[in-house]
Amino acid sequence: MTTELEDLRDALLRVIESSPAGRQRVTEVMARSLVPGLFETWMQPQKGGNWAALQTSSLEQLRRYDQGVFADLQAVAAEQDSVPRQTGTASGVAAGGSRSIAAGGDIGVAITGDFATHVAGDHIDFRDATFHDQVIGVQHVRNTYENRSGVPHPVVEDWPSAKDVEPLAHGVRPTRRVQGLPLLPPYVWRDADGAVRAAVEQAGAGGGLVVVLGEPFAGKTRTALETVAEVLPGARVFAPARGEDLRALPAVLRGRPDSFVLWLDDLDTHLGDGLEPRLLAQLTGQGVAVLATLREDAYDDCRNTPRGRVLDLAHMVELPREWSEAERERAGTTGDARMTEAARCSGAEGIAAYLSVGPLLWEEWQRARRADRHPRGHALVRAAIDLARCGLQGPVSLDLLVTVHEAYDGVAGMERESVDDALLWAAEKRHGALRMLRRSGARMWEAAPYLVETAAQDASCPAVDASVWRWALEAARGDAAYDFEVVARRAGEVFRSAADAGDSRAMFDLGLLAESLGRDGETEGWFWRAAEAGQTEAAGRLGRLFVERGEAKDAEPFLEAAAEAGDAGAAALLGKVLLERAGQWLRAGAAGHDLEAHHLLGDLYFAGGDDDGAWDQYVAAATAGRAEVAISFARWHMVHNERETAKVWLQRAADAGSESGGRSVEARLGQA
């Protein structure tokens, strides 16, 4: 086997050395192979090293891994060996004497002494020659532009046609996956598409470079690929790797009847050793359409540099990142939920950036929850997202964000990051297009619409906590900037679902919500259900409702339950209710001439500021002989600054053995 490979190696070397045409023939065959270093091993061997062994080894790799190219090289070698070798002088030029010159075609040789050569075309073969003196050989080989390093190794037949190009494999950014929808939303006609189409048609007819220029994520790649698929559907598209040397491409395409498109997404990565004016001229001469995209910042960077000179030959078409109203209207009628959402929610960043940068923003926010990243920033963004999901459309106050985000459970590492640092991180513009939080005024912030919409649709995203709904309701109730009815409706749906599942707090929340909306019937019903389920706060609210309605007796058990649970307001109200009931029963006792009832009813009136009523009850009690009423009479007179009379009544109380009147009259009057 080794002998066979060595024979093939020698035959190929003879082809390469025979003429520029022979060298080009071998180059074109080897260019189709992906065996690394093949071109350099055969076409650019350096001094030193066992290049014959390396060439033989490369043939072994071809036979093992690229049998098609290996078979084509065997055919090229066989054609060369079928040409008979010639002997004698090169191209009929005789060499004689001590100093003679023999020249053939592109090869000139100066020879001293007698020699014998084999000549094949313009090749002088010295391998069988005999030399008797010093020999100096000078060879000039007509070089071609394509015979340089880095030759691309594409198989032209494997290039897809423009109509079959896969956008995601050729630079189009993915958007959010939606079950039942294709990976990419339908293409929407851009206002600049007419200009792009005209430029591509011209390049398809006679070759040339078309560059779609714009800001990052303006939709340049999708626009260019959609246009070439429509204008040149049958053209074969070659998309080289970034930085790939394209200088052998004209040789690969020479003589082929097909039409070709060279696709260079992010053109700046292909300039210099890739695309430059001479190569573009060759490709244009062969009718190749070169279609590229270029960011505006990259254009500025390379425009006045040597590698950017090819831009002088380009047909530039600008594609704005911000979409016009007409473009948004077209996007909204595609029937694709992603396009409809983007048309409605995207701002100056444009629909393409919303669709392509949005998923990157979501992923970064999700990863930020880790303790070693930005947990407080994640929590603040989550608070803004959750409040927006509740219906607080537009900016929300920083104070509300801080309150909400601190209530989230299980957020580790927040102490490592201050609120200010977290806001700086969240407000940083990603990919020059989107921020997680947008500032509005001094202390107002708004979540990126993409994050809000995705959170609402992502089943893995936690539901908004009930406490957040309560804060949202409070904010909407007190700020006309928000639509309270919208927030209330959404909150009601969430609370009702939880209440149906037996959540007593949700029942209470529904009662509060109904109360704020003036729905009295619903209010009492939900408070009653919550109270029966053990919600003592609901019991207190229900008791208040009964009191307001004049049903104090019915309110007592609910107020008592709330008071026992620590509701001070319920306790005070219960005391008031019980005090009123005490007055009712004391009046009944007084009507039956009970002396203690007269006395206590007088105290009740006196405490309530009814001095006349109190006097009447005290007189009734004293007249009937109740001695204990003396101390109450004394207080009545002291309040009215009748000190002498008060002194008399205090003395009577003391004489009657009253514990309150047992102290000296002077001391009692001194206190007064």
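Residues numbered from 1 in each chain as written. Predicted model: local features only at pLDDT ≥ 70, side-chain atom pairs only at ≥ 80, totals over all residues. Heavy atoms only, no water.

J.: So what about the overall build of the protein? Which residues, and what values?
T.: When helices and strands are counted, the protein shows 29 helices and 14 strands. Here the protein holds 672 residues, and 46% of them are scored as buried. Look at the contacts in the protein between residues 6 or more apart in sequence, and 65% of them connect residues 24 or more apart. Just so you have it, the protein exposes about 32,900 Å², and 50% of that area is on carbon and sulfur atoms. (Helix = DSSP H or I, 4+ residues; strand = E, 2+ residues; numbered from the N terminus. Buried < 20%, exposed > 50% of the residue type's maximum accessible area, 1.4 Å probe, protein only. Contact = heavy atoms within 4.5 Å. Areas by Shrake-Rupley, 256 points an atom, 1.4 Å probe, with all protein chains shown as cover.)

J.: Would you mind going over the sheet that holds strand 14 (residues 444-447) in detail, with residue names and values included?
T.: Within a beta sheet, neighbouring strands are joined by backbone hydrogen bonds and run either parallel or antiparallel to one another. Strands sit in the order 12-14-13 across an open sheet of 3 strands; the sheet is antiparallel. At either margin of the open sheet sits one strand with a lone partner, and together these are strand 12 (396-397) and strand 13 (437-439). Of the strand pairs in this sheet, strand 12 and strand 14 are connected by 2 bridges, and their pairing is antiparallel. Across the sheet, V396 pairs through a bridge with W445, a residue of strand 14. (Pairing = 2+ DSSP bridges.)

J.: Tell me about the environment of A314, and please be specific about residues and values.
T.: Along the polypeptide, A314 turns up in strand 11 (residues 314-318). Between the alpha carbons of A314 and V210 there is a distance of 5.6 Å; along the sequence they are 104 residues apart. A314 has contacts with L209 and V211, leaving out every residue within four places of it along the chain.

J.: Quick one: what's the story with the pairing of strand 9 (residues 260-264), residue by residue and with numbers?
T.: For strand 9, a buried count of 5 out of 5 residues is recorded, marking the element as mostly surrounded by other parts of the structure. Burial of the side chains of strand 9 extends over both faces: F260, L262 and L264 are buried on one face and V261 and W263 on the other. Bridge count for strand 9 against strand 10 (residues 289-295) is 4 bridges, and the pairing is parallel. Among the inter-strand pairings, L264 is bridged to a residue of strand 10, identified as A292.

J.: Tell me about the packing of helix 26 (residues 611-623) against helix 27 (residues 629-639), residues and numbers included.
T.: Where helix 26 meets helix 27, the axes come as close as 10 Å, and the angle between the chain directions of the two elements is 150°. Comparing their axes, helix 27 and helix 26 come out roughly antiparallel. Note that helix 26 runs across helix 27; the crossing there is left-handed. When helix 26 is examined against helix 27, the residues D611, A614, W615, Y618, V619, A621 and A622 are found in contact with a partner set consisting of V629, S632, F633, W636 and H637. (Axes fitted to C-alpha atoms, helices over the stretch in contact; angles between N-to-C directions. Parallel < 35°, antiparallel > 145°, perpendicular 65-115°, else oblique. Left-handed = near helix turned anticlockwise from the far one by under 90°.)

J.: Lay out the packing of aromatic side chains in plain terms, naming residues and giving numbers.
T.: Following the criterion strictly, the structure yields 12 aromatic pairs and no others. On the numbers, 5.7 Å between centres and 85° between planes, the contact of W159 with F260 is edge-to-face. With W159 in the loop between strand 6 (135-139) and helix 6 (193-206) and F260 in strand 9, this residue pair connects regions lying 101 residues apart in the sequence. Joined through ring pairs, the aromatic side chains of W615, Y618, F633, W636 and W649 make up one cluster. (Phe/Tyr/Trp six-rings, centres within 6.5 Å; stacked < 30°, edge-to-face > 60°.)

J.: Give me the side chain of R328: which residues, what numbers.
T.: Along the chain, R328 turns up in helix 11 (residues 325-332). Of the side chains with opposite charge, E325 comes closest to the buried, unpaired R328, at an N-O distance of 4.6 Å. Polar side-chain contacts of R328 include one of 2.8 Å to the backbone oxygen of G347. In this structure R328 touches W323, A342, A343, S346, G347, G350 and I351, once residues within four positions along its chain are discounted. (Lys, Arg positive; Asp, Glu negative; His and termini not counted. Salt bridge = Lys/Arg side-chain N within 4 Å of Asp/Glu carboxyl O. Polar contact = N/O pair within 3.5 Å; in protein donor to acceptor, adjacent residues only side chain to side chain.)

J.: Give a detailed account of unusual backbone geometry, specifying residues and quantitative values.
T.: The phi dihedral of F217 falls on the positive side, at around 60°, and the residue is not glycine. Among the secondary structure elements, F217 is positioned in the loop between strand 7 (208-214) and helix 7 (220-231).

J.: Go over helix 9 (residues 277-285) with me, naming the residues and quoting the values.
T.: Those residues of helix 9 that fall on the buried side of the exposure criterion are L279, L280 and L283. Along the long axis of helix 9, the arc covered by the buried residues comes to 100°, so they all point the same way. Set apart from the buried face of helix 9 by more than 90 degrees, the exposed residues are R278 and G285. (Arc of directions from axis to C-beta.)

J.: Break down the pattern of salt bridges for me, with residues and values.
T.: Overall, the coordinates contain 34 salt bridges when judged by the stated rule. R581 serves as the salt-bridge partner of E556, at 2.8 Å between the closest nitrogen and oxygen. A residue pair is termed long-range when its members are at least 10 positions apart, and E556 in helix 23 (residues 552-564) and R581 in helix 24 (residues 568-591) qualify at 25 residues. Under the relative-accessibility criterion, R581 is labelled partly exposed at 27%. Between E628 and R626 there is a salt bridge, with the nearest N and O atoms lying 3.8 Å from each other. By sharing partners, the salt bridges in this structure join R242, D266, R295 and D297 into a single network.

J.: So what's going on with helix 18 (residues 466-478)? Which residues, and what values?
T.: With 13 residues, helix 18 should reach 18 Å at 1.5 Å per residue; the first-to-last C-alpha distance of 19 Å fits that figure. All buried positions along helix 18 are accounted for by S467, V468, W469, A472, L473, A475 and A476. On its buried side, helix 18 packs onto helix 14 (375-390), helix 15 (398-405), helix 19 (484-500) and helix 20 (504-516). (Expected span 1.5 Å × (residues − 1).)

J.: Quick one: what's the story with a negative patch on the surface, residue by residue and with numbers?
T.: Residues E296, D300, D301 and E318 make up a contiguous surface patch of negative charge. The leading source of residues in the negative patch is helix 10 (residues 296-302), at 3 residues. When you line up the elements, D301 lands in helix 10. On the accessibility criterion, D301 (58% relative accessible area) is exposed. (Patch = residues over 30% accessible without salt bridge, like charges linked within 9 Å, V, L, I, M, F, W, Y side chains within 5 Å. Charge placed at Lys NZ, Arg CZ, Asp CG, Glu CD.)

J.: Got a sec to walk through the confidence of the model for the protein? Specific residues and values, please.
T.: Summary statistics for the protein give a mean pLDDT of 84 and a share of 84% for residues scoring 70 or more. Per-residue pLDDT stays below 50 along residues 84-128; that stretch engages in 102 contacts with residues further than four places along the chain or on separate chains. (pLDDT = per-residue confidence, 0-100.)

J.: Could you give me a rundown of the sheet that holds strand 8 (residues 236-238), with the residues and numbers involved?
T.: In spatial order, the strands read 8-9-10-7-11; together these 5 strands make up an open sheet with parallel pairing. The open sheet terminates on both sides in strands that have one partner only, identified here as strand 8 and strand 11. Geometrically, the sheet is characterised by an average inter-axis angle of 25° between neighbouring strands, direction not taken into account. Relative to strand 9, strand 8 runs parallel, the two sharing 3 bridges. Each residue of the ladder has a partner; that of R236, found in strand 9, is F260. Lying over the sheet, helix 6 contacts strand 7, strand 10 and strand 11, oriented at roughly 160° with respect to strand 7.

J.: Report on the nonpolar core, specifying residues and quantitative values.
T.: Counting 89 residues, the largest nonpolar core has V381, L387 and L392 as the members making the most contacts within it. In contact with V381, other than residues within four places in its own chain, are W365, W425, A426, M436, L437 and L451. By size, the runner-up hydrophobic cluster in this structure holds 29 residues, among which are L249, L280, V290 and A292. (Core = buried A, V, L, I, M, F, W, Y, C linked by side-chain atoms within 4.5 Å.)

J.: I'd like a rundown of the environment of L423, residues and numbers included.
T.: On the secondary structure map, L423 appears in helix 16 (residues 419-426). Note on L423: relative accessible area 7%, which makes it buried. Sequence-wise, L423 and H378 are 45 residues apart; in three dimensions their C-alpha atoms are separated by 9.7 Å. Discounting residues that sit within four places of it in the chain, L423 has contacts with L380, L398, L437 and W445.

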